[in-house]
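# Structural features, examined
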Amino acid sequence: MTVAPEQTRMWMPASNPVVYKALVALQRASSKDLDAGLVELIYIRASQINGCAYCLHMHTSDALESGADPVTLGLIAAWRESTGIFDDRERAALALTDEVTRIAESGVRSGVFEAARAVFDDYELGQVLASIAMINTWNRIAISGGYPTSFDERESG
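Each chain carries its own residue numbering, running from 1 in the written order of its sequence. Local features in this predicted model are restricted to residues of pLDDT 70 or higher, and side-chain atom pairs are both shown and tallied only at a pLDDT of 80 or more, whereas totals for entire chains, interfaces and linings draw on every residue. To obtain the side-chain values, all non-hydrogen atoms of the structure were included, while hydrogens and water were left out.

Glancing now at the packing of helix 4 (residues 53-65) against helix 9 (residues 122-145). Axis lines are fitted through C-alpha atoms, for helices just across the contact stretch, and the angle between N-to-C directions can take any value from 0 to 180 degrees. Per the convention used, a helix needs a DSSP run of H or I reaching at least four residues, while a strand needs a run of E reaching at least two, with both numbered from the N terminus. Look at helix 4 against helix 9: their axes get within 8 Å of each other, and the N-to-C directions meet at 125 degrees. Considering the angle they form, helix 4 stands oblique to helix 9. Contacts from Tyr54, Cys55 and His59 in helix 4 reach Ile135, Trp138, Asn139 and Ala142 in helix 9. Nonpolar residues are Ala, Val, Leu, Ile, Met, Phe, Trp, Tyr, Cys and Pro. Charged residues are Asp, Glu, Lys and Arg, and all others, Gly as well, are polar. Class assignment for the residues of the contact of helix 4 with helix 9 results in five nonpolar, two polar and no charged. The scheme is simple: roughly parallel for angles under 35 degrees, roughly antiparallel for over 145, roughly perpendicular for 65 to 115, oblique for anything else. Here, two residues are considered to be in contact whenever any of their heavy atoms come within 4.5 Å of each other.

Following this line, the structure appears as structure tokens:
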């Protein structure tokens with residue numbers, strides 16, 4: 001069990017370790033077989049939209065540690081205007097991330113889904129959707145729980 005930082009309102013690893021472990025397992029399954037860099041783009045983009053500083057800090061740090069280009073990471077928020085930076089798969093995943101993260105506003109447009117389907121096979125598309133769903137779940141837990149920005153639960157004991 002991880003130790004909760006003092007400033008949190010609720011710390012899922014301590015308050016509900018069964019759910020926490022299930023969420024971690026689902027997150028690992030959702031990103032299995034996807035390029036790690038693509039997964040980090042999804043996580044960072046959804047976290048930007050949701051305003052989750054905790055997850056932004058964690059996943060930006062992870063991306064930098066794995067060798068991601070800092071300029072590319074800095075352009076995720078403006079990915080639509082960043083021509084020549086993101087490839088077709090990344091652009092499709094980012095578009096789908098935008099729409100799924102904001103699903104209550106207008107759903108997921110068929111054109112966005114079909115663009116993703118054109119560059120991902122069915123298995124990969126399921127992984128992308130599950131990864132988007134998982135980071136949105138983590139964003140909601142971290143924001144609701146008041147998780148501190150620079151704390152990393154994976155490093156706590």
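With that out of the way, let us pick up the layout of surface pockets. In this structure, the second largest pocket occupies an estimated 150 Å³ of space. Lining the second largest pocket are Gly37, Glu40, Leu41, Ala63, Ser66, Ala68, Asp69, Thr72, Leu73, Ile85, Phe86 and Glu90. For the lining of the second largest pocket, the secondary structure elements donating two or more residues are helix 3 (36-50) and helix 5 (70-74). Here the element with the most residues in the lining of the second largest pocket is helix 3; it accounts for three residues. Residue composition of the lining of the second largest pocket, by class: six nonpolar, three polar and three charged. Only protein atoms enter the calculation, which uses a 1 Å grid: trapped sets of points that fit a 1.4 Å probe without letting it out are cavities, open sets showing protein on both sides within 12 Å along at least five of seven lines are pockets, and any residue with an atom within 4 Å of a point is a lining residue. Grid points are joined across faces, edges and corners, and a volume is the space filled by probe spheres set on the points.

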